[in-house]
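Structural overview
Listed below, chain by chain, are the residues.
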Amino acid sequence: MKGLRGGAVLISVLVGLLVLFASGPVRAEEGVTDKEVVVGAGLDLTGAVANWGVNIKAGMEALFNRVNEAGGIHGRKIRLIAYDHVYQPPKAVTNAKRLVERDHVFVMMGHLGTPTTKAIKDYVEEKRVPNIFPATLASIWTTSGKWHVGDLATYADQTGLIIDYLVKERKIRKIASFYQDDEYGLDGHLAGKSRLKHQYDLAYVAEVDYKRADIDFSSQAAKLKESGADAVILQAVYREPPRLAEQCAAIGYKPLFIGPSPIVLAKTIELGGKHVEGLMGVEVYPLPTDPGPFLDQYRADMAKYAPSLPIDTTNLYGYQKAALFAEALQRTGRSLTRDSVLRAIESIKDWDPGWGLKYTYGGDNRRGMSNAGRLVVVKDGKWTKASEWTELKEVGRR
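Residues numbered from 1 in each chain as written. Predicted model: local features only at pLDDT ≥ 70, side-chain atom pairs only at ≥ 80, totals over all residues. Heavy atoms only, no water.

**Topic: the overall build of the protein**
Within the protein, the regular secondary structure consists of twelve helices and 13 strands. Here the C-alpha radius of gyration of the protein, 21 Å, is about what a compact globule of 398 residues would show, namely 21 Å. Principal-axis analysis of the C-alpha atoms gives the protein an extent of 70 × 40 × 40 Å. Burial status across the protein gives 62% buried among its 398 residues. Sequence-distant contacts, at least 24 apart, represent 70% of the contacts inside the protein between residues at least 6 apart. Total accessible area on the protein stands at roughly 15200 Å², and carbon and sulfur atoms take up 50% of it. (Helix = DSSP H or I, 4+ residues; strand = E, 2+ residues; numbered from the N terminus. Rg over C-alpha atoms; globule rule 2.2 N^0.38 Å. Buried < 20%, exposed > 50% of the residue type's maximum accessible area, 1.4 Å probe, protein only. Contact = heavy atoms within 4.5 Å. Areas by Shrake-Rupley, 256 points an atom, 1.4 Å probe, with all protein chains shown as cover.)

**Some words on the packing of aromatic side chains**
Taken as a whole and judged by the stated rule, the model has 13 aromatic pairs. Taking 5.4 Å as the distance between ring centres and 65° as the angle between the ring planes, the aromatic pair formed by Tyr-298 and Tyr-319 counts as edge-to-face. With Tyr-298 in helix H10 (residues 293–305) and Tyr-319 in helix H11 (residues 313–332), this pair connects stretches of sequence that are 21 residues apart. There is no split in this pair, since Tyr-298 and Tyr-319 are both buried. Measuring from ring centre to ring centre gives 6.5 Å for Trp-355 and Tyr-359, while their planes differ by 15°; the resulting arrangement is stacked. With respect to class, Trp-355 is no different from Tyr-359; both count as buried. Aromatic rings pair up to connect Trp-52, Tyr-285, Phe-294, Tyr-298, Tyr-317, Tyr-319, Trp-351, Trp-355 and Tyr-359 into one cluster. Note that Arg-98 overlies the ring of Tyr-83, its terminal NZ or CZ placed 3.8 Å from the centroid. One Lys or Arg, Arg-212, reaches over the ring of Tyr-87 and ends 5.7 Å from the middle of that ring. (Phe/Tyr/Trp six-rings, centres within 6.5 Å; stacked < 30°, edge-to-face > 60°. Lys NZ or Arg CZ within 6 Å of the ring centre and 35° of its normal.)

**A short note on the sheet that holds strand E5 (residues 148–149)**
Strand order across the open sheet formed by five strands is E2-E1-E3-E4-E5, with parallel pairing between neighbours. Two strands in the sheet have a free side with no partner beyond their single neighbour: strand E2 (77–84) and E5. Contacts from helix H2 (residues 50–69) reach strand E1 (36–43), E2 and strand E3 (107–109), with the element oriented near 165° to E2. Each of E1, E2, E3 and strand E4 (131–132) touches H11; the most contacted strand, E3, lies at about 150° to it. (Pairing = 2+ DSSP bridges. Axes fitted to C-alpha atoms, helices over the stretch in contact; angles between N-to-C directions.)

**Description of the pairing of strand E12 (residues 382–385)**
Bridging between strand E11 (residues 372–379) and E12 involves four bridges; their strand directions are antiparallel. Residue pairing across strands places Lys-379 opposite Lys-382, the latter belonging to E12. The hairpin turn running from E11 into E12, its antiparallel successor, is two residues long, and Asp-380 in that turn takes a positive phi close to 55°.

**A few points about the domain arrangement of the protein**
A common way to state how big an interface is: give the accessible area lost once the parts meet. Domain boundaries in the protein define domain 1 (36–152 + 288–365) and domain 2 (156–283 + 375–391). Each of domain 1 and domain 2 has a C-alpha centre, and the two are 27 Å apart. Across the boundary between the two partners, domain 1 contributes 18 residues, which contact 18 residues of domain 2. Of all residues in domain 1, the largest losses of buried area upon contact with domain 2 belong to Asn-51, Trp-52 and Tyr-87, amounting jointly to 28% of the total for that side. Where domain 1 packs against domain 2, one counts one salt bridge. The salt bridge involving Glu-183 is made with Lys-118; its shortest N-O contact spans 3.4 Å. Scanning the region where domain 1 abuts domain 2 turns up eight residue pairs in polar contact (both at pLDDT 80 or more). Grouping the amino acids of the side of domain 1 that touches domain 2 by side-chain chemistry returns eleven nonpolar, five polar and two charged. (Domains from an automatic or database assignment. Buried area = accessible area lost by both parts, 1.4 Å probe. Salt bridge = Lys/Arg side-chain N within 4 Å of Asp/Glu carboxyl O. Polar contact = N/O pair within 3.5 Å; in protein donor to acceptor, adjacent residues only side chain to side chain. Nonpolar A, V, L, I, M, F, W, Y, C, P; charged D, E, K, R; others polar.)

**Re the environment of Val-232**
Within the secondary structure, Val-232 sits in strand E8 (residues 231–235). What makes Val-232 buried here is its relative accessible area of 0%. What Val-232 contacts, discounting residues up to four positions off in sequence, is Ala-176, Phe-178, Leu-224, Tyr-253, Pro-255, Leu-256, Phe-257 and Ile-258.

**Thoughts on the nonpolar core**
Ranked by size, the top nonpolar core spans 89 residues in total, and within it Phe-64, Met-109, Ile-132, Phe-133, Leu-166 and Phe-325 carry the most contacts. Among the elements that take part in this core, H11 stands out by supplying ten residues, more than any other. When residues of this core are assigned to domains, at least three map to each of domain 1 (36–152 + 288–365) and domain 2 (156–283 + 375–391). If we ignore the near neighbours within four places in the chain, the residues touching Phe-325 are Val-37, Val-39, Phe-64, Ile-78, Phe-106, Val-107, Met-109, Ile-132, Phe-133 and Val-341. (Core = buried A, V, L, I, M, F, W, Y, C linked by side-chain atoms within 4.5 Å.)

**Considerations on unusual backbone geometry**
Look at Lys-171: it is not a glycine, yet its phi comes out positive at around 60°. Of note, the phi angle at Asp-350 is positive, near 55°, even though the residue is not glycine. Note on placement: Asp-350 falls in the loop between helix H12 (338–346) and E11. Its relative accessible area of 52% is what places Asp-350 among the exposed residues.

**Comments concerning the confidence of the model for the protein**
Here the protein averages 91 in pLDDT, while 91% of its residues score no lower than 70. Considering only residues more than four positions removed or in separate chains, one finds that residues 1–27, a stretch of pLDDT under 50, has 57 contacts. (pLDDT = per-residue confidence, 0-100.)

**Topic: the side chain of Thr-114**
Tracing the backbone through its elements, the reader meets Thr-114 in helix H4 (residues 114–127). Looking at Thr-114, the relative accessible area reads 2%, which means it is buried. In contact with Thr-114, not counting residues within four places along its chain, are Thr-136, Ala-138, Trp-141, Tyr-155, Glu-183 and Tyr-184.

Spelled out as structure tokens, the structure:
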């Protein structure tokens, strides 16, 4: 049965066609039986970024539930096992070992967080467990070899778009960076620093960091104001921009705040209110309210399988990962192994699930499968499109 392709195919059609029952035994692989594929994920379900973890899990499960109700893929249903790492690297390692050694998962998928996923990197490589489509867009997953595969444009590439927009379109030259002091924040921070230097002969007027547990940004606000920056790039997640914007406003400082995709959440607006009006971000997949057959099916599935959760970029993020995985399983066929599913991912070229953006495997360096991005802005309390889709340029960190 051929893998599905084409731009306007409803995900419901995709799911309906995925069902293929076959008889006879197949070669055993960890996490695979004749009737089941077991997927593992480490997520923050109760900690600092639980809004991400809870919604990513719900999005993945919504797609998997639909697939399973249709009979599965090649006769196998997909079972997701997710444990709470509370956004802490040591807990992520403990959970990964539990998933691999006790639960015998086939792959890790949607593992949340750059520092937490980096913490399990060596372990999953040693155990030869694919880490596919992690919920982190750090550049590391495009350069780490066979066992890691990203799915969307990196923070580095997104920051390149931000730098180009600020300097070329807004004519802003005094730019500061506010960044989380770990592999996540540094990815975009260093890429922006390199882009400013090599493309525009500029430098950040201030480089201000924070730790993951920080909640008071008054000292950072003061440093940013003192720098005179007209724009501040936020290498942050949804919690920090509202607090920083509020504390900057309290001292009479109101620059343009802009950041990569982890800030483009409804939660950012919920937490920030008037203080985040005008905040800009990069999105790397459509807004959950956009039109299109894929998004229509996503909204229907969320209403059916996770009715207590509003549609949001976070659960759409998980849903699109699950759709990609379903396509890879379909292409793999009945003989399912870790090597064969990685080869199936590599076969994806210009695949559109039905929302207008195409996925293409990026080659030996495991580059993101979709490298599209566009700018959005908070307008009247909603994320609103601010530019058209563009293919993002590959931006190095140094």
